[in-house]
Amino acid sequence: VYKRQEMNFECLLLSAKDGNEDAITAILQMYRPLLLKYAIIDGVLDEDLYQELSIILLKAIKLFKI
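The rules behind these values
Residues numbered from 1 in each chain as written. Predicted model: local features only at pLDDT ≥ 70, side-chain atom pairs only at ≥ 80, totals over all residues. Heavy atoms only, no water. Helix = DSSP H or I, 4+ residues; strand = E, 2+ residues; numbered from the N terminus. Expected span 1.5 Å × (residues − 1). Buried < 20%, exposed > 50% of the residue type's maximum accessible area, 1.4 Å probe, protein only. Arc of directions from axis to C-beta. Contact = heavy atoms within 4.5 Å. Polar contact = N/O pair within 3.5 Å; in protein donor to acceptor, adjacent residues only side chain to side chain. Core = buried A, V, L, I, M, F, W, Y, C linked by side-chain atoms within 4.5 Å. Phe/Tyr/Trp six-rings, centres within 6.5 Å; stacked < 30°, edge-to-face > 60°. Patch = residues over 30% accessible without salt bridge, like charges linked within 9 Å, V, L, I, M, F, W, Y side chains within 5 Å. Areas by Shrake-Rupley, 256 points an atom, 1.4 Å probe, with all protein chains shown as cover. Salt bridge = Lys/Arg side-chain N within 4 Å of Asp/Glu carboxyl O.

Chemist: Looking at this structure, I do not really get helix α3 (residues 47-63). What am I missing?
Modeler: Along an α-helix, a turn takes 3.6 residues, which lines up residues three or four apart on a common side. The end-to-end C-alpha distance of α3 is 24 Å, a good match for the 24 Å that 17 residues give at a rise of 1.5 Å each. For α3, the complete set of buried residues consists of S54, L57 and I61. Buried residues in α3, looked at end-on, bunch into an arc of 55°, giving them a common side. Seen from the buried face of α3, the exposed residues on the opposite side, beyond 90 degrees, are D48, I56, K59, K62 and L63. Residues of α3 that are buried sit in contact with α1 (9-17) and α2 (21-39). With a side-chain oxygen positioned 3.1 Å from the backbone nitrogen of D48, the residue opening α3 is D46.

Right, dumping it as structure tokens:
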């Protein structure tokens, strides 16, 4: 598992783009608070929306150009 202080985001992203599951998990965990923030509707967590936002993040990882 990657420790944020040991690896900069660019290296983490490149590793995730290459399919490294630990790097992908690290990025998902890094953005989890933001995903949760936008998945809460009227004070209730919409789990389907959270899952969709997570999928969008995964797609963005692959599409992001460095």
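Chemist: Would you mind going over the nonpolar core with me for this structure?
Modeler: Soluble globular proteins tend to pack their nonpolar side chains together in the buried interior. Residues L12, L13, A16, A23, A26, I27, L35, L57 and I61 constitute the largest nonpolar core, which totals 9 residues. Secondary structure elements with two or more residues in this core: α1, α2 and α3.

Chemist: It is not clear to me how the packing of aromatic side chains should be interpreted in this structure. Could you clarify?
Modeler: To describe a pair of aromatic rings, you give the distance between the ring centres and the angle between the ring planes. This structure, assessed with the given rule, holds 1 aromatic pair. Note on F9 and Y31: the rings are 6.4 Å apart at their centroids and 70° apart in plane angle, and the pair reads as edge-to-face. Remark: Y31 occurs in helix α2 and F9 occurs in helix α1; sequence separation between them is 22 residues. Overall, the relative accessible area of 35% leaves F9 in the partly exposed class. The exposure class assigned to Y31 is partly exposed, which follows from its relative accessible area of 31%.

Chemist: When you look at a nonpolar patch on the surface in this model, what are you seeing that I'm missing?
Modeler: A grouping of F9, Y31, L34 and Y38 is seen on the molecular surface, where their side chains present a nonpolar patch of about 380 Å² in accessible area. Ranked by residue count, the leading element in the nonpolar patch is α2, at 3 residues. Its place among the elements puts Y38 in helix α2.

Chemist: Explanation requested: unusual backbone geometry in the structure shown.
Modeler: The bulk of non-glycine residues show a negative phi, and the bulk of peptide bonds are trans. Positive phi, normally seen in glycine, also occurs at D42, with a value near 50°. With respect to the element layout, D42 can be found in the loop between β1 (40-41) and β2 (44-45). With a relative accessible area of 77%, D42 lands in the exposed category.

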